[in-house]
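Examining the three-dimensional arrangement
So you can see what is in the structure, the chains are spelled out below.
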Amino acid sequence: MTFEPKILGFLCNWCSYAGADLAGVSRIQYPPNMRVIRVMCSGRVDPVFIFKALLTGIDGVFVLGCHPGDCHYLEGNYEAEKKFIMVQKFLKIVDFDKRIRLDWVSASEGARFAQVVTEFIESIREQGPSPLSGENIDQELFNNLKAMENSVSSDRIRALVGRQRRITEVENEYGEKVPIDEYNAIFDGAIHDEFVRQRILLSLSTKVLSVKDLAAELKLDPSEILENMLTLKSRGDIDYQSIDGNTPLYMRI
Amino acid sequence: MSDKEEEPRIGVFVCSCGSNIGGLIDVKALAEYSKTLPNVVFTEDNLYTCSETGLAQIKNGIKDHNLNRVIVASCTPRTHEPLFRDCVKKEGVNEYLFNFVNIRDQNTWCHQKYPQEAFEKAKDLIRMGVAKAAKLEALDNIIVDATPTALVIGGGVSGMTAALSLANQGFETHLVERENELGGRLKTLHKLFPNDQKAQLLLDNLKKNVGSKENLKIHTSAQVKNIEGFVGNFEVSVEENGNNINLTIGVILVAVGTSLFTPTGYFGYDGKIRITQHELESKLNNNDVKAKDIVMIQCVGSRNDERVYCSSVCCMTALKNALVLKENNPKSNVSILFRDLYTPGTHYEDYYRRAREEGVVFIEYSPEKEPSVEENQIKVYNQYLGEELLIPYDLCVLSTPLVSNNDNKALAQMIKVPLEENGFFLEAHVKLRPMDFATAGVFICGSAKWPVDITESISQGYAAAARASTIISHDTIEVEGATSFLPDYNKSLCTGCEVCIKVCPYNAISKNEEDEIVITQVLCKGCGVCGATCTNHAIIIRHFTDQQILSEIYAYGGKEV
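Notes on the structure in this doc start here. Since the structure is predicted, the reported quantities are computational estimates derived from the model, not experimental observations. (Residues numbered from 1 in each chain as written. Chains lettered and ligands numbered in written order. Predicted model: local features only at pLDDT ≥ 70, side-chain atom pairs only at ≥ 80, totals over all residues. Heavy atoms only, no water.)

This part covers the sheet that holds strand S18 (residues 333-338) of chain B. Residues and elements named next belong to chain B. Within the open sheet, the 5 strands sit side by side as S16-S23-S17-S18-S19. Their pairing is parallel. Only two strands of the sheet have a single neighbouring strand rather than two, namely strand S16 (274-276) and strand S19 (361-364). In this sheet, neighbouring strand axes are inclined to one another by 25 degrees on average, regardless of whether the strands run parallel or antiparallel. Across 5 bridges, strand S17 (residues 293-297) lies against S18 in parallel orientation. If you follow Ile297 over to S18, its bridge partner there is Leu337. (Pairing = 2+ DSSP bridges. Helix = DSSP H or I, 4+ residues; strand = E, 2+ residues; numbered from the N terminus. Axes fitted to C-alpha atoms, helices over the stretch in contact; angles between N-to-C directions.)

Before going further, it helps to examine unusual backbone geometry. Residue and element names in this part refer to chain B. In this model, Phe193 is joined to Pro194 through a cis peptide bond whose omega is 10 degrees. Relative to the assigned elements, Pro194 resides in the loop between strand S8 (191-192) and strand S9 (197-198). Despite not being glycine, Ser221 has its phi angle at roughly 45 degrees, a positive value. Looking at the element boundaries, Ser221 is found in the loop between strand S10 (216-219) and strand S11 (222-230). Judged by relative accessible area, Ser221 falls into the partly exposed class, the value being 26%. Positive phi, close to 65 degrees, is recorded for Asp515, a residue that is not glycine. Position of Asp515 relative to the elements: it lies in the loop between strand S28 (509-511) and strand S29 (517-519). In this structure Asp515 comes out as exposed when scored by relative accessible area, which is 53%. (Buried < 20%, exposed > 50% of the residue type's maximum accessible area, 1.4 Å probe, protein only.)

Okay, the environment of Cys315(B) next. Residues and elements named next belong to chain B. Within the secondary structure, Cys315 sits in helix H9 (residues 314-328). The exposure class of Cys315 is buried, given its relative accessible area of 9%. Through-space distance from the C-alpha of Cys315 to that of Thr343 is 7.1 Å; in sequence the pair is 28 residues apart. Leave out the neighbours within four places in its chain, and Cys315 touches Gln298, Asp340, Leu341 and Tyr342. (Contact = heavy atoms within 4.5 Å.)

Structural data, given as structure tokens:
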């Protein structure tokens, strides 16, 4: 049997959902692989939603909003874009970023809607079924995506992405504007660290492990693990459980 | 709010829409399938759910099976949700407990060669809709009082027209003009197309009418300093002659017009013998034109990289002034160097025809080979002759564009409305809502939106006044209840980080004196950006809650993760 991708689309009410309706009214045909969740604005799409969808084994997630400058809510699509780019950055770590896409379709672009949806479905078809679909899922990938979901749920990452436009495009409370490169450097670092931390927490939630064990499991340098463990310990997320010979074992609190 | 513990009892009505849906997929089988879904207690298929019969079936379903959630699987919520919401409301079910599943516009119409796949898609969509419906909560629309007063910002022809129209309808109207007298651009114009009426005459008439209305308060030498509040209840502070006035306003009309462009550096502009059309109008008013050889150059400073737009009034201004010059001195030579001539409509084209009859010379130039203005002659390349023409002149008139005001941005931020790329105000929708802004209770007319002539300014003034009166002719305003919300039980989650305040495009979120986040429901448009941004998941987006959306995701994905 050929692989039929299972696609989820988040469509904003005012532009892309209307564009999708127009495709129908114009009887423009496209493959029947996508299911739509209507939101009022693409800016409503919480990054958590995208990870949740991928974790259920859905093969691809499409977010569609109004064209830049056309947002019914003035700037919601810009906020959507910032969040989407962040999700992409996370997914890139595990080479899964091609399974999500963001695009703009206006209420008058029925043909364009059909076109971008067809292209996305075909791109997912080429990538094949998600390793998280079916009975035997890739547990390591699942854990990685779960850690990412927890990362985008964390206040640090949410605060960074929520403030991004303000501090890089307008200015912060102190009248300063942060250059986008500088911001990206901070943000990329935060994404990497938060992912590692959440991954550690996930591993420690089911068993007690040493730094060495974690480094082996996560395929990371023990010094990096240790550094993040110290942060987690100071945040009160983990603590020593026992000492195995000379090696301290950690547990999640 | 309904009792949260109430067990969902969902009814699913699957519409055949004649053959639009039923012609491709088996709606009876869909209704049968829906019965197997959690919390569904009743299902039915209808030929046309939106018909009298269909609506009666929904009502009977609610009555006979004690339904507290209703789903219609049919066309699209964008056209039919209001009808079905109204139907369930009449039967005592809160309108927000209705959920729409789109199986026509986004399914059967688009997958006509794939009936089996379309059937499976419809099943998935109904399953997702049922999952969301189970989590839906009853909401109330918000009713707020409306103050029946209007504020018109800008006392030009459009603003005066709008203010007069509102005052004539009996509304207390405040007209704010920054200069010390009303009139705007009309004050300095000579004659008006298309009837060659003296601008002064129209102005005197308008001013007389405006000044005679008791319920129309004119504030000259006045500027809007601050606007707070929301539709029906704006608190506006105006500085008039150095004094501060506070007004409570129901609706706001923006009629701030445009600014003039000074073409320094273009074609040797000097304000003396090389002047703008606007300066020519003043000269004509003062009977101060002695020149015999007059050359006009069109599109000076517009339709270029810096200002890509066409200012729309300059072609007609040039034609009108050329005819005035010819009338004043039939022996004068008038040439118009143009890129394209824009004279839409019967009246305007007539000016072009008359100008040709009167001997006005029209020469097309291309932006690649612009005319060069020398001491007392102008060189222009004529592409049809394939050679350069030399035209002597003693007055060169440059047709410059109307440009957006420098302080538009400040006003736009005050009333939370967008500007387009050239700094003009951007309406809510160019065709569907041309006089409205996306912000409720704020309207736009005249050249503030785009350079328009006097005729159009007047039409737009009336139009904006009519739109504004639809709000203030009611005592109350009903606002959608599906808004952002910070429930008491979530207040402990709020860390006070203020990110929600920053991302809200409508200033609906603020901090109160106790440093707590407060969401002003009536200002909120329900976009949900704050909810997707909230750093600690404290804000709830009603009708599109995390739980509701996740239930849809899980229903499609087949498991909870």
